[in-house]
Every structure is written in structure tokens, then in C-alpha cells.
Amino acid sequence: MEKKEDECIKKCIEKSCVEKKDETANIFSFDWRTSLASFKDDLLYNYFRFNSKFDFPITKIHLYNKVYNTSNPQELEKFNRKFSKIIYVSYRSRYKPQINIKNNKVFTSDCGWGCMIRSSQMILCRALYKIFKYKNKSDENLIFQIVPFIMDRNLDIVKNKYIGMDNYINKLKELGKNDIIAIDPPFSIHKIVILGEKFNRASGEWFSDFELPKIYNIINTTFNIIPDLSIIHFNSFILLETIIKECFKEMDSNKKEESEDNTYIKFEEKKYIMEKMGLIFVSVRLGLDNVTPDYYPSIFKLFSCKECLGIIGGKKWTNSASYFFGYYENFLLYLDPHFNNQSIDHLDTNNISSYTNKIIYKLDIKTLKAGFTIGFLFRNMKEFLDLHNFLNVYKTEKDPCFSFSTKKINDEIPENIKENSDKDDF
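Residues numbered from 1 in each chain as written. Predicted model: local features only at pLDDT ≥ 70, side-chain atom pairs only at ≥ 80, totals over all residues. Heavy atoms only, no water.

This brings us to the overall build of the protein chain. For the protein chain, the count of helices and strands is 11 helices and 22 strands. The long-range fraction of contacts in the protein chain, counting pairs at least 24 apart against all pairs at least 6 apart in sequence, stands at 74%. Total accessible area on the protein chain stands at roughly 19800 Å², and carbon and sulfur atoms take up 48% of it. (Helix = DSSP H or I, 4+ residues; strand = E, 2+ residues; numbered from the N terminus. Contact = heavy atoms within 4.5 Å. Areas by Shrake-Rupley, 256 points an atom, 1.4 Å probe, with all protein chains shown as cover.)

Before going further, it helps to spend a moment on the packing of aromatic side chains. The geometry of an aromatic ring pair is captured by the separation of the ring centres together with the interplanar angle, meaning the angle of the planes. Counted according to the given criterion, the structure contains 18 aromatic pairs. Here the aromatic rings of phenylalanine 324 and tyrosine 334 are separated by 5.3 Å at their centres, their planes lie at 55 degrees, and the arrangement is tilted. Placement of the pair is phenylalanine 324 in strand β16 (residues 321–328) and tyrosine 334 in strand β17 (residues 331–335), with a sequence separation of 10 residues. Tyrosine 334 matches phenylalanine 324 in its accessibility class, with the two residues each being buried. Judged by centre distance (6.1 Å) and plane angle (80 degrees), the rings of phenylalanine 376 and phenylalanine 402 are edge-to-face. One end of the pair, phenylalanine 376, is in strand β20 (residues 369–378); the other, phenylalanine 402, is in the loop between α11 (381–394) and β21 (403–404), with 26 residues separating them in the sequence. Judged by relative accessible area, phenylalanine 376 falls into the buried class, the value being 1%. Phenylalanine 402 gets classed as buried once you look at its relative accessible area, which sits at 3%. (Phe/Tyr/Trp six-rings, centres within 6.5 Å; stacked < 30°, edge-to-face > 60°. Buried < 20%, exposed > 50% of the residue type's maximum accessible area, 1.4 Å probe, protein only.)

Moving on, we get to the sheet that holds strand β1 (residues 17–19). A sheet is described by the order of its strands in space; here 3 strands give the open sequence β1-β8-β7, paired in antiparallel fashion. Only two strands of the sheet have a single partner each, and these edge strands are β1 and β7 (155–156). Strand direction decides the pairing type here: β7 and strand β8 (residues 180–183), joined by 2 bridges, are antiparallel. Looking at β8, one finds that leucine 155 is bridged to isoleucine 183. (Pairing = 2+ DSSP bridges.)

Counting buried residues in helix α7 (residues 189–196) gives 8 out of 8 residues, a clear majority hidden from the surface. Listed in full, the buried residues belonging to α7 are Ile189, His190, Lys191, Ile192, Val193, Ile194, Leu195 and Gly196.

So, about helix α4 (residues 115–136). Taking 1.5 Å of rise per residue, 22 residues should cover 32 Å, and α4 covers 31 Å from first to last C-alpha, within 8% of that figure. With its phi angle positive at about 60 degrees, lysine 137 sits one or two positions after the end of α4. (Expected span 1.5 Å × (residues − 1).)

Okay, the nonpolar core next. Counting 134 residues, the largest nonpolar core has Phe325, Phe372, Ile374, Phe376, Phe384 and Phe402 as the members making the most contacts within it. Here this core takes 12 residues from α4, the largest share from any one element. Here phenylalanine 402 is in contact with Ser236, Ile238, Val282, Val284, Leu302, Ile374, Phe376, Leu391 and Tyr394, once residues within four sequence places are set aside. (Core = buried A, V, L, I, M, F, W, Y, C linked by side-chain atoms within 4.5 Å.)

Where burial is concerned, most of strand β9 (residues 229–235) is hidden: 6 out of the 7 residues are buried. Note that β9 and strand β14 (residues 277–290) share 7 bridges and pair parallel. Within β14, the position partnered with leucine 229 by the bridge is methionine 277.

A few words on the side chain of asparagine 351. By the secondary structure assignment, asparagine 351 is in the loop between β18 (340–342) and β19 (361–364). In contact with asparagine 351, not counting residues within four places along its chain, are Ile344 and His346.

On to the sheet that holds strand β6 (residues 106–109), then. With respect to topology, 3 strands assemble into an open sheet ordered β6-β5-β18, the strand pairing being mixed. Looking at the sheet topology across the chains shown, the edges are occupied by β6 and β18. The average undirected angle you get between the axes of adjacent strands in this sheet is 45 degrees. (Axes fitted to C-alpha atoms, helices over the stretch in contact; angles between N-to-C directions.)

Two strands pair when backbone bridges link them, and strand β5 (residues 91–99) and β6 are joined in this way by 3 bridges, in the antiparallel orientation. Across the sheet, residue serine 93 finds its bridge partner in β6, namely serine 109.

Turning to the confidence of the model for the protein chain, a few remarks are in order. Averaged over the protein chain, the pLDDT score is 88; the fraction of residues at 70 or greater is 89%. Within the protein chain, β9 carries the highest mean pLDDT (98), whereas strand β22 (residues 410–411) carries the lowest (70). In the model, residues 23–29 has pLDDT below 50 throughout and makes 9 contacts with residues more than four positions away in sequence or in other chains. (pLDDT = per-residue confidence, 0-100.)

For the structure on display, the rule yields 16 salt bridges. Aspartate 139 is the partner of lysine 85 in a salt bridge, and the nearest nitrogen-oxygen pair spans 2.8 Å. Highlighted residues: lysine 85 in the loop between α3 (73–83) and β5 and aspartate 139 in the loop between α4 and α5 (142–146), separated in sequence by 54 residues. Given a relative accessible area of 27%, lysine 85 falls into the partly exposed group. When its relative accessible area of 24% is taken as the criterion, aspartate 139 is described as partly exposed. (Salt bridge = Lys/Arg side-chain N within 4 Å of Asp/Glu carboxyl O.)

So this is what it looks like as C-alpha cells:
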């Protein structure tokens, strides 16, 4: 398995950029067959819709951990303002060709098979939004900073400056790539598919929700995308030891070592300071095909956690996937990636709309597929402790979606700790 992963990474590196000596590698044409396929995708994935739209007004609606009374005009306006900041990712056509390694079929679109990848990109974008807002101390124009990370065409770095890509470009140079003129976006569907070969996946095939966090972790660590972020995946059981191992470092008793906010935790008689932010995914299965009713309350409870990023999952009896970000009454609210948009190679005020135009859909929780993945993010010690406290309480629910290790930490936080999290953080 490690050999296969190494081969996938090597292949991924080779296809990560365009150098001056290989400039023609970034040029390709679309013949009439591709145009016809794109037209058919437009018809099928833009006009034949069978989902249940979300209709206002509703008395109370949960958007992540915030609750809005949308019968109040001011509350509704606030909800719309917050909702508009969620990045939407859909099917794309006319992107650079992918070859299925099993049958040599060429794909220039992920229509019909890429919905789980697109849903996972949405939850990843949610994490990137919170990370960059935290680092920039602002969310102004963040969408123009985040979307290039998940686009489907090579990005021309000679003509455009892509904020946050420096670590990635420097890593490519370390890996032997020189005179780079264009790069494959770090979390593009092309990179995902190449690394999917490790799991015996290929272009044109449906990816599962528990494979994608592992792929994102490989991309992040291999290419040094966000050095101070650790992406961790669990199956049904969150281990505190693993989080501490990946995101913390032990304090040297011989050194006076302090964290940014002068805080540390005590775990198994050792002191640790936070070294990396933690992006945590936990995959669960709560029934045979659809979720067992006993779990409904604990699913809704997840959205009360400030560190929760939402859920990627789908409807029972189907392989369709969506991104769930809130709920009202017994309905989960979600964004549907099953719309076809043409791939673009740059962002401006004219074409950004395909990543922002959204329709909210609702799904009766009775029809939620049994297997899904939840995302959490902590960016500092305060958020880690908040998440730890939530998980400790959550595991006492009658039927929690997942388990959490019972080992405890003793936090020694000064009373005058400066809370790094934005009180109105979204």
C-alpha cells in the first residue's frame, strides 16, 4: 500500500505544475465531442431538478451553530449575509483532461460522478475560510483567496498573484520543479483523482466520504500547503491521544517555552503547547441504508458546536452526495453540487458567481444515508478546549454519532487569557 501511495505522490508531483520547458503541456483544445458532452451535462444537471427547495419564512433556522428567527426581517437579512459567505462548489465541465487509468477513457467533466468530491471541497473551503479569516483578521474578499485552491484548471502564476500559494510553489521547487509558469490548484479534482488511485479509484468513479479526508491530508503534508494545519481522520471514534500527537508538542522542562497565548494543557502528567491547528473529520455509519431514528437528536446536536464545519453525506438508496450546513425542525439544510458549471482558469468579479450562486435545499432527516462524515476545526487553544468540552458532553448523549476517548486533560489557563476567537466568527 505504501509503494502505491509513493507512486501516486510521484505522479501527483509530476502533474502539479507547468514549467517553461513544458509550456505546451498547459495548452489543450476542446473538440466538438467535448462541447456536445458539456451541452448534455448542462441539460441534465442544470434543468432537471427533483430536490426540495427550502422556503422562507421559518420560525427558527440553524446555520452552523447560530440560530436565526427568519420571520424577523433583520434576522433574515443577517442570515442571508452569513449564508452568502459559504463557498459553493459544483460539477464542472470543460476542464483539463483526466485519464481513467483502468480503461484509458478521457474525462473533461465530473458530471455524474464527482458529487462527493465537490461536497468535500465545500467543507474544506469552509475550513479554509475560517483559517484565513483567523490569520488575516478579516474576511474581506476571502472568496478570491480560497477558490483558487480548489479550481480545475492550471493557474497562471506569472500573470496572477495567488495569495497563500507561496508554500506550495516553494515546495514544488524543492521537489525539483524550476521555472514554474503555472500550477495545478492544491486541492483540485485532478490531484484528488491521482491520489485516489491509492484507494483504487479513478476518473469517472464515485469517491467515498471516508477516503477524501485522507487524500486531503496527503496533499497538505506532501506539498506543505498549510504548514501549521494537521488534517486528521477518524472512523467512529475520536482519539484525544491522536489529536495531541498531531497538533501539540511536549514542553521542554529545561526550557522556558510558552505558546502564543501563554497556555498549555496537561495530558498524562506531561505539559503540551499547541503547535498546529486541527482539521478533524470523523466518518460514521448509523444504520443499514438510512440513519436509525435513535440518532436524529445527536445529529442535530452537532450543529450546536461552534467548531463544527458541517456534514458531507447523501440520500438513502442513492450515491448522490451533498454538503449539510444547518437544519430547521426535522430537515437538514444543504448545498447541492449536482449543477454543471463551466471550468474557469482565473477569478474575477464577472465569473466568481458560479462559486457563490446558491439555492438552499432541505432533506428530511429520515432520508439521510446511514454513512456520512462530520468536520471540526480548532485554530487555537481556546477553540481546542471548547471542542474538547463539547465532545466530553456529547459522548453522554443517549445515542451519540461517534465515541470520544475518556482520557481527560487538565488545562492550566490563566484567568486573563486573551480569547483569540472572533466572537462573531462565522
